[in-house]
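Results of the structural survey
One-letter residues, chain by chain:
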Amino acid sequence: MLASLHLFAQVAVTGVLVAVGSVPLVTLVPSLAAGVAHLRRDLTGHDTTLRRFAADWWAAVRSLWLLGLAVVALAVLLIGDWQLAASGVIPGATVVAVVVALFAAGAVAVVLRAAGAWSDDDGEPVPGASTRATLSVATGRATDDLTGSALLAAAVLMAAVLVWMLLPLALVVGGLLALAVVGVETRRRTQPGSTT
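Scope of this entry: the structure provided in the associated data block. Because the structure is predicted, anything quoted here is derived from the model rather than measured. Residue positions are given per chain, counted from 1 along the sequence in the order it is written. Residue-level local features of this predicted model are given only where pLDDT is at least 70; pairs of side-chain atoms are given and counted only at 80 or more, and the full residue set underlies all totals for whole chains, interfaces and linings. Only heavy atoms go into the side-chain values, all of them from the structure, while hydrogens and water stay out.

Take the pattern of salt bridges next. Salt bridges are counted wherever a side-chain nitrogen of Lys or Arg sits within 4 Å of a carboxyl oxygen of Asp or Glu. With the rule as written, the count across this model stands at nine salt bridges. Arg113 is the salt-bridge partner of Glu185, the closest N and O atoms lying 3.1 Å from each other. Of this pair, Glu185 sits in helix α7 (residues 170-190) while Arg113 sits in helix α4 (residues 93-117), placing them 72 residues apart in sequence. Exposed residues in this analysis have more than 50% of their type's maximum accessible area, buried residues have under 20%, and partly exposed residues fall in between, with area computed by a 1.4 Å probe over protein chains only. Judged by relative accessible area, which is 0%, Arg113 ranks as buried. Linked by salt bridges that have partners in common, Arg113, Arg141, Asp145, Glu185, Arg187 and Arg188 make up one network. Secondary structure elements follow DSSP: runs of H or I no shorter than four residues count as helices, runs of E no shorter than two count as strands, and numbering proceeds from the N terminus.

Below, the discussion takes up the nonpolar core. Ranked by internal contacts, the top residues of the largest apolar core, which has 32 residues, are Val29, Leu32, Ala33, Val36, Trp118, Leu152 and Leu177. Within the residue set of this core, elements represented by two or more residues are α1 (2-21), α2 (28-43), α3 (50-87), α4, α5 (131-144), α6 (146-165) and α7. It is α7 that contributes the most residues to this core, seven residues altogether. It only takes one pair of heavy atoms within 4.5 Å for two residues to be counted as in contact. Once residues lying within four places of it in the same chain are set aside, the contact partners of Val29 are Leu64, Leu67, Gly68, Val71 and Val111. As used here, the term nonpolar core means buried Ala, Val, Leu, Ile, Met, Phe, Trp, Tyr and Cys residues forming a set that is joined through side-chain atoms within 4.5 Å.

We now examine α6. Compared with the 28 Å implied by 1.5 Å per residue over 20 residues, the 29 Å span of α6 between its first and last C-alpha is a close match. Those residues of α6 that sit buried are Gly148, Ser149, Leu152, Ala155 and Ala159. The buried side chains of α6 occupy one side of the element, clustering within an arc of 110 degrees when seen end-on. Of the exposed residues in α6, those oriented more than 90 degrees away from the buried face are Leu146, Leu157, Met158, Trp164 and Met165. As for α6, its buried residues are in contact with α4, α5 and α7. Any helix carries an expected span of 1.5 Å times its number of residues minus one. The arc in question is the one traced by the directions running from the helix axis out to the C-beta atoms.

A separate point is a nonpolar patch on the surface. Each patch is assembled from residues with relative accessible area greater than 30% and no salt bridge, linking like charges that lie within 9 Å and nonpolar side chains (Val, Leu, Ile, Met, Phe, Trp, Tyr) that lie within 5 Å. Note on areas: Shrake-Rupley, 1.4 Å probe, and residue coverage restricted to the protein chains presented here. Taken together, Leu157, Val161, Trp164, Met165 and Leu166 make up a surface patch of nonpolar side chains, about 590 Å² in accessible area. In this structure, Met165 sits in helix α6. Taking the relative accessible area as the measure of exposure, Met165 reaches 55% and is therefore exposed.

This paragraph deals with unusual backbone geometry. Only a minority of non-glycine residues have a phi that is not negative, and only a minority of peptide bonds are not trans. A positive phi angle, close to 65 degrees, is found at Leu25, a residue other than glycine. Along the chain, Leu25 falls in the loop between α1 and α2. Residue Leu25 is classed as exposed on the basis of its relative accessible area of 55%.

Further remarks concern the environment of Ser87. Among the structural elements, Ser87 can be located in helix α3. The spacing of Ser87 and Gly175 is 88 residues in sequence and 34 Å in space, taken between C-alpha atoms. Counting of polar contacts relies on pairs of N or O atoms within 3.5 Å, with two restrictions inside protein: one atom must be capable of donating a hydrogen and the other of accepting it, and residues adjacent in sequence are counted only when both atoms are side-chain atoms. For Ser87, the side chain forms a polar contact with the main-chain oxygen of Leu84, separated by 2.7 Å.

Right, here's the structure in full:
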């Protein structure tokens, strides 16, 4: 029971840390990557101090800033496409809306996989983790483990519903998504025939 309570508290703390680190928006992906590393370290009994999170956050910002910028640009583009489709001024608006939703789900899964690929199982940053290398690993994992990618997309949908229901829960959503990434990555590693 105490272990479950500890994990709940750690997820809540991680959510707040990710939320604070994501204030500039372009640091959303690096903050999530640092949150995943933070939870992994907690689960393996390593250092989970605020200083360590700050060091990981800064390292993730330096290596994933380009991905953070691309995610913000992609989000603006997808929101614009969605609004255009919802307005009904273009022919085939329903088809466009479905395509945008499917693309967004796939993009979300890859971005969350990238946040998970930035650190190893002990929560240590992977040496040489750059935007290109991390995206390459994330894309491979997303396509090799479609069930895990669907679980990550579902986690984002559930997080959106939580925030829609009660706005202050936005503070803990980063921790919940980090926990989802850790869970999906653990599930992927324990699957029969898993190589990475």
